[in-house]
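# An overview of the molecular structure
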Amino acid sequence: MNDLARIMSEYIGYCKSRKGLSNYTIKAYTIDLNQFAAFAEEFTKNSIGEYLSLLSTKYKPKTIRRKTATLKAFSHYLLLNDLIETNPFDKIETSFREPLLLPKTIPSNIISDILRCAYDLSSSADTTYRKSVSVRDIAILELLFATGARVSEICNLTTTSIDLQNYTVKIFGKGSKERIIQIENPAVRKALRNYYEVFENDIQLNGFFFINKLHKRLSEQSVRAMISKYTKLCGCNMHITPHMFRHSFATLLLEEDVDIRYIQKLLGHSSITTTQIYTHVTTAKQKEILATKHPRNKMNLG
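As a starting point, this report considers the structure included with it. The residue numbering used here restarts from 1 in each chain and proceeds along that chain's sequence as written. Where local features are concerned, this predicted model is filtered to residues with pLDDT of at least 70; where side-chain atom pairs are given and counted, the filter is 80 or more; whole-chain, interface and lining totals use all residues. Hydrogens and water molecules were not included; the side-chain quantities draw on all heavy atoms of the structure.

## Some details on the nonpolar core
Heads up, the condition is: In these notes, a set of buried Ala, Val, Leu, Ile, Met, Phe, Trp, Tyr and Cys residues joined through side-chain atoms within 4.5 Å is what counts as a nonpolar core. The cut-offs for exposure are 20% and 50% of the maximum accessible area for each residue type, with area from a 1.4 Å probe on protein chains only; residues under the lower value are buried, those over the upper are exposed, and the others partly exposed. Helical segments are the DSSP runs of H or I of at least four residues, strand segments are the runs of E of at least two, and each set is numbered from the N terminus. Whether two residues are in contact is decided by their heavy atoms, any of which lying within 4.5 Å being enough.
Ranked by size, the top nonpolar core spans 43 residues in total, and within it Leu141, Leu143, Leu157, Tyr195, Phe210, Val223 and Ile240 carry the most contacts. When contributions to this core are tallied by element, the ones reaching two or more residues are helix H5 (108–123), helix H6 (128–147), helix H7 (151–155), strand S2 (168–172), helix H8 (186–206), helix H9 (220–233) and helix H10 (242–255). Per element, the largest residue contribution to this core is seven residues, and it comes from H6. Leucine 143 has contacts with Gly148, Ile154, Leu157, Ile162, Val169, Ile183, Leu192 and Phe210, leaving out every residue within four places of it along the chain.

Dropping the structure here:
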């Protein structure tokens, strides 16, 4: 096959005119194909294999998969137009596993410190405004940890989402999937009641459950800033995000021997595979316990 760069250019033209791909995809295809053309003059099994080996030393698996997909799409074009007789990818291993990124969790004692700090600040509040803000902060912190909900799910709760008679929270997750979580802890129930009593008028007028100082829906960024404030106030130097409360909720339940399928339902995961990431976290915790707490470590037989 001659003039690989020219054929690649024709393929990009075909993608624009016939396939109707987005400008973003066209740009990515162009970059990926030009990169391959700069590496090899022929589109063969050997050149592709060597190229993929080079990519594995320079890029993360996600990027390698995208660049490989581009070459596979180009290969399909070559086959359709009889520019090659066989698909060079038929006998090339192209699976690239991403390293397992374990979810970051908050130690339970740090969660306790953050909550205690919020309650202490509420008790010492010297103005009506500060008192109302602290009451709202407590309700949000308690609800994040009590439900394992995403920060967007918390901020989008409406007047009909929280039932303060039966103490249930109706959460609309990804893909508009609905789940209902019961609030069983007395302190969390009280926090929600206290908040509602203070903000009832704004809640009824606005429609959203959590309201900011402008009487509008509380933003996700405001929740992040609030968590950062209490993290610093309690003397913790961790960078804690709202999503870490979700990770901690799942991990700590798993460590208490709660069946992973219950946790899957509570988190709103459509697949158990997504939830199973937390089993890796508890395995790491188990390893730490055995390495530091097992009695055999204190037995000196020398």
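## A word on the side chain of serine 248
Here is the rule we go by: In protein, a polar contact means a hydrogen-donor-capable atom and an acceptor-capable atom, both N or O and within 3.5 Å, with residues adjacent in sequence counting only if both atoms are side-chain atoms; elsewhere, any N or O pair within 3.5 Å suffices.
With respect to the helices, strands and loops of the structure, serine 248 is situated in helix H10. Among the polar contacts listed, one links the side chain of serine 248 to the backbone oxygen of methionine 244, at a separation of 2.7 Å. The contact partners of serine 248, leaving out residues within four places of it in the chain, are Thr105, Ile106 and Ile111.

## Concerning the sheet that holds strand S1 (residues 162–163)
Put simply, the rule reads: Note: two strands are recorded as paired if DSSP finds a minimum of 2 bridges between them.
Spatially, three strands are ordered S1-S2-S3 in an open sheet, and the strand pairing comes out antiparallel. At either end of the open sheet lies a strand with only one pairing partner, and these are S1 and strand S3 (178–182). Here S1 pairs with S2 via two bridges, running antiparallel. Across the sheet, residue isoleucine 162 finds its bridge partner in S2, namely valine 169.

## Focus: the side chain of asparagine 212
Assignment of secondary structure puts asparagine 212 in the loop between H8 and H9. Separated by 2.9 Å, the side chain of asparagine 212 and the backbone nitrogen of leucine 214 make a polar contact.

## Considerations on H8
Side chains three or four residues apart in an α-helix point the same way, a direct result of the helix having 3.6 residues per turn. Selection rule: We define the bend at any residue as the angle between the axes fitted to the seven residues before and including it, ending there, and the seven starting there.
The largest bend along H8 reaches roughly 75° and is located at phenylalanine 199. Listing the buried residues of H8 in full gives Val188, Ala191, Leu192, Tyr195, Phe199, Asp202 and Ile203. Its side-chain oxygen at 2.9 Å from the backbone nitrogen of alanine 187, asparagine 185 defines the N-terminal cap of H8. Just downstream of H8, glycine 207 is the residue with a positive phi angle, here 100°.

## Digging into the packing of H10 against helix H11 (residues 260–267)
Rules: Every axis in this analysis is a line fitted to C-alpha atoms, fitted for helices over the stretch in contact. Angles between the N-to-C directions lie between 0 and 180 degrees. Put simply, angles under 35 degrees are roughly parallel, angles over 145 are roughly antiparallel, angles from 65 to 115 are roughly perpendicular, and the rest are oblique. Helix crossings are classified by the rotation of the near helix relative to the far one: an anticlockwise turn of less than a right angle makes the crossing left-handed, while a clockwise turn makes it right-handed. Classes in brief: Ala, Val, Leu, Ile, Met, Phe, Trp, Tyr, Cys and Pro nonpolar; Asp, Glu, Lys and Arg charged; the others, Gly included, polar.
At their nearest, the axes of H10 and H11 sit 10 Å apart, and the two run at 160° to each other. Considering the angle they form, H10 stands roughly antiparallel to H11. Crossing of H10 against H11: the hand is right-handed. The residues of H11 that touch H10, namely those facing Arg246, Phe249, Ala250, Leu253 and Leu254, are Ile260, Ile263, Leu266 and Leu267. Of the residues in the contact of H10 with H11, the class split is eight nonpolar, no polar and one charged.

## Section: the layout of surface pockets
Formally: For cavity detection a 1 Å grid was placed over the protein atoms alone, and a set of points counts as a cavity when a 1.4 Å probe fits there but cannot get out; an open set counts as a pocket when protein lies on both sides within 12 Å along at least five of seven lines, with lining residues being those that have an atom within 4 Å of a point. Grid points are joined across faces, edges and corners, and a volume is the space filled by probe spheres set on the points.
Taken as a whole, the largest pocket encloses approximately 490 Å³ of empty space. Along its surface, the largest pocket is lined by 17 residues, and Phe145, Ala146, Phe249, Leu253 and Leu266 are the ones closest to its centre. Elements with a contribution of two residues or more to the lining of the largest pocket: H6, S3, H10 and H11. Element by element, the count of residues in the lining of the largest pocket is highest for S3, at four residues. Of the residues contributing to the lining of the largest pocket, the split by class is 10 nonpolar, two polar and five charged. Going through the elements one at a time, S3, H10, H11 and helix H13 (277–293) are the ones with two or more residues in the lining of the second largest pocket. Of the residues forming the lining of the second largest pocket, the biggest block, three residues, is contributed by H10. Partitioned by chemical class, the residues of the lining of the second largest pocket number five nonpolar, seven polar and eight charged.

## Some details on unusual backbone geometry
We note that tyrosine 167 has phi near 55°; this positive angle belongs to a residue other than glycine. You can see tyrosine 167 is positioned in the loop between S1 and S2. Assessed through its relative accessible area of 11%, tyrosine 167 is described here as buried. A positive phi angle, close to 70°, is found at histidine 215, a residue other than glycine.

## So, the environment of leucine 79
In this fold, leucine 79 is placed in helix H4 (residues 61–80). For leucine 79, the contacting residues outside a window of four places in its chain are Ile84, Glu85, Thr86 and Asn87.

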